[in-house]
Amino acid sequence: MPMDQAIDSYFKTFSVPPEVVAFVSRPIGHFIDGRETAVAGAELDLVEPFTRRRLTGLVNGTAADADRAVRAARGALEGPWGRMPALERQRLILRLADTLEADAEFLAHLEAIDVGKSISDARAIDVPGAVANFRYFAGWSSKLDGRTAGAVALPGETLTYTVKEPVGVVAAIVPWNFPLQTLAWKLAAALACGCTVVCKPSELTPLSAMRLAQLASEVGFPDGVINVVNGLGHVIGQALAAHPGVDKLSFTGSTPVGKAVGKTALDTMKRLTLELGGKSPVIVTDRADLGRAAEAILAGIFLNSGQVCDAGSRVYVQDGVHDALVERLRAGAEALTLGPGLDPAARITPLISGAHRDRVLDHIASAHSEGAKLVTGEPGTGTRRDDGILRPTIFDECAETMRVFREEIFGPVLGISAFTTLDEAVARANSGDFGLAAAVYSGDVDETIRLSRRLRAGNVYINAHGLIDPAMPFGGLGASGFGKDMGPEQLDGFLSTKSIYVQVGTA
Ligand code: NDP
């Protein structure tokens, strides 16, 4: 089918390389057992977020496709991958990191086209973040030792030790906001631990997962180690969560879907990691450097147009600096450039879909009706732009009773409220069900450390927002889920520990 005219002209304006155009305009199938399957039969529409036009077709996968992928993953686990020496595994993962790095421009274009996100962010965050994660975890492949434990109560002479074994076949279900990076967060550690993986990208953003699987195959990963199954979440994701051949489910997505897949996964006693949503609080005290705080707060909420799990979406600011901070945030938000993802100058880009844009607008309308005071941005209903871009929107005088301060919006909307005492700020920041991230801004070191200890969150940023490093575990508390991605802590999620007892002679 010829490419849609609006998309064609969008791509020409930003000189999308021909090889990228070719990749994104063919129908997208699955990647199972080392090869991409052709699309036969019903297709889903893959829509480009800026033009809102159909980019290409996506296979509407079935439970049978998920089953084929799980069988391929099992075959690789019991075959070449399971027998591969750890150093060889390490070498392959490092080679994949190098290949992704060499492919950075291609991958950045895929993310900008598929998600509608800023290509500058894709170049600076998504691709290098994925590469770093593979590099970091490659080294762990050869360091997964058990321990020799001296038995303390057994009679006679014994040798007692533990070994670490891969948990088995992993299903990695990821959302659409950072498709490559979140997949890398799961794949790198799973591969290092010797697991094989079936990936389920969002039906909205399958492109980078398909590219990654293709590149992994080219660098020498055995067939079946990395599989990608495409289609609807409630079909493919559900099939993987229920599949008895899947040993571990690592899910990143919304809290309601996470709860549902978690229940399903427990029916077959899968190991489980849930990285879910957030409503991350930000505390700014009278002692903060306001210039620095405003810059980081703006980046912390408006990166990826607010479609970030740990976005700092509710700001508590102490009375003495309230007016000055609000003014800085207003000016900073109004200075952000709006535009399509392929425009390197654009900071605020289209939301992933029309349906999501409407959900965010609904939140904005409710903030207006619940009495929050608009500082800048969308005035309420009747303000839709055709391109799906929403202006960065800030409300002041918010309260925990309002949806804008309670529910995850996943769009460019920031709520602010003044506080008087630090105890009040901590109590209000810790209210609500989520516990993914929090941030503290203050020039007083003691104050920052004390506040960071009192905040109920898996990640706390001090005088910054959204710092991510492969060596640091990332994950939440409460409605934000459990288990960790990244850091050595993640390895346990992909390993089982076996205890071995040897009786030396007779007891
Ligand atoms: P969803 O929960 O809707 O979807 C996440 C993934 O689950 C997608 O691949 C989706 O597929 C799939 N899925 C949907 N329904 C089911 C089902 N019934 N069974 C199994 N799988 C299913 O989240 P979004 O994609 O909308 O992503 C946004 C959410 O992700 C936000 O809440 C955000 O906070 C969270 N997130 C959390 C992060 C973290 O590390 N804590 C990081 C990034 C995002 P499909 O899209 O095809 O329906």
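Residues numbered from 1 in each chain as written. Predicted model: local features only at pLDDT ≥ 70, side-chain atom pairs only at ≥ 80, totals over all residues. Heavy atoms only, no water.

**Student:** How do you make sense of the sheet that holds strand 18 (residues 459–462) when you look at a structure like this?
**Tutor:** The strands making up a sheet associate through hydrogen bonds between their backbones, and the pairing can be parallel or antiparallel. Across the sheet, seven strands lie side by side as 13-14-15-12-11-17-18; this open sheet has mixed pairing. Two strands in the sheet have a free side with no partner beyond their single neighbour: strand 13 (373–376) and strand 18. The average undirected angle you get between the axes of adjacent strands in this sheet is 25°. Sheet strands touched by helix 13 (residues 319–334): strand 11 (280–284), strand 12 (312–318), strand 13, strand 14 (393–396) and strand 15 (413–419). Its angle to strand 12, the strand with the most contacts, is close to 145°. (Pairing = 2+ DSSP bridges. Helix = DSSP H or I, 4+ residues; strand = E, 2+ residues; numbered from the N terminus. Axes fitted to C-alpha atoms, helices over the stretch in contact; angles between N-to-C directions. Contact = heavy atoms within 4.5 Å.)

**Student:** Is there a simple way to explain the UniProt feature "active site" (unreviewed entry) in the protein chain in this structure?
**Tutor:** When the UniProt feature table is mapped onto this chain numbering, "active site" (unreviewed entry) sits at Glu275. Looking at Glu275, the relative accessible area reads 3%, which means it is buried. (UniProt positions renumbered as here; feature names shortened; annotations may be inferred. Buried < 20%, exposed > 50% of the residue type's maximum accessible area, 1.4 Å probe, protein only.)

**Student:** Can you walk me through the nonpolar core in this structure?
**Tutor:** Generally speaking, a soluble globular protein has its nonpolar side chains buried in company with each other. Membership of the largest hydrophobic core comes to 70 residues, with the highest contact counts inside it found for Phe11, Val24, Phe134, Leu187, Leu191, Phe221 and Ile226. Among the elements that take part in this core, helix 8 (residues 179–192) stands out by supplying nine residues, more than any other. When residues no more than four places from it in sequence are discounted, the contact partners of Ile226 are Phe31, Leu187, Leu191, Val197, Cys199, Leu212, Ala213, Ala216 and Phe221. Trp185, Ala293, Val315 and Leu325 belong to the second-largest nonpolar core, a separate cluster that totals 34 residues. (Core = buried A, V, L, I, M, F, W, Y, C linked by side-chain atoms within 4.5 Å.)

**Student:** Which parts of the structure should I look at to understand the site of the ligand?
**Tutor:** The ligand sits among 30 residues. The nearest are Val174, Glu203, Ser254, Leu276 and Glu408. Relative to its unbound accessible surface of 900 Å², the ligand loses 88% to contact with the protein. If one sorts the elements of the shell around the ligand by residue count, helix 10 (residues 233–242) sits on top with four residues. Looking at the shell around the ligand residue by residue, the classes come out as 15 nonpolar, eleven polar and four charged. Mapped onto the domain boundaries, the shell around the ligand takes at least three residues apiece from domain 1 (5–276 + 483–496) and domain 2 (281–470). (Near = heavy atom within 4 Å. Areas by Shrake-Rupley, 256 points an atom, 1.4 Å probe, with all protein chains shown as cover. Nonpolar A, V, L, I, M, F, W, Y, C, P; charged D, E, K, R; others polar. Domains from an automatic or database assignment.)

**Student:** Explain helix 14 (residues 354–369) here, please?
**Tutor:** Residues lying three or four places apart along an α-helix face the same way, a consequence of the helix completing one turn every 3.6 residues. Helix length check: helix 14, at 16 residues, gives a terminal C-alpha distance of 22 Å against a target of 22 Å (1.5 Å per residue), a fit within 8%. Regarding helix 14, the residues found buried are His356, Arg357, Val360, Leu361, His363, Ile364, Ser366 and Ala367. The inward-facing, buried residues of helix 14 contact strand 14 and strand 15. Directly after helix 14, the chain includes Gly371, whose backbone phi takes a positive value near 100°. (Expected span 1.5 Å × (residues − 1).)

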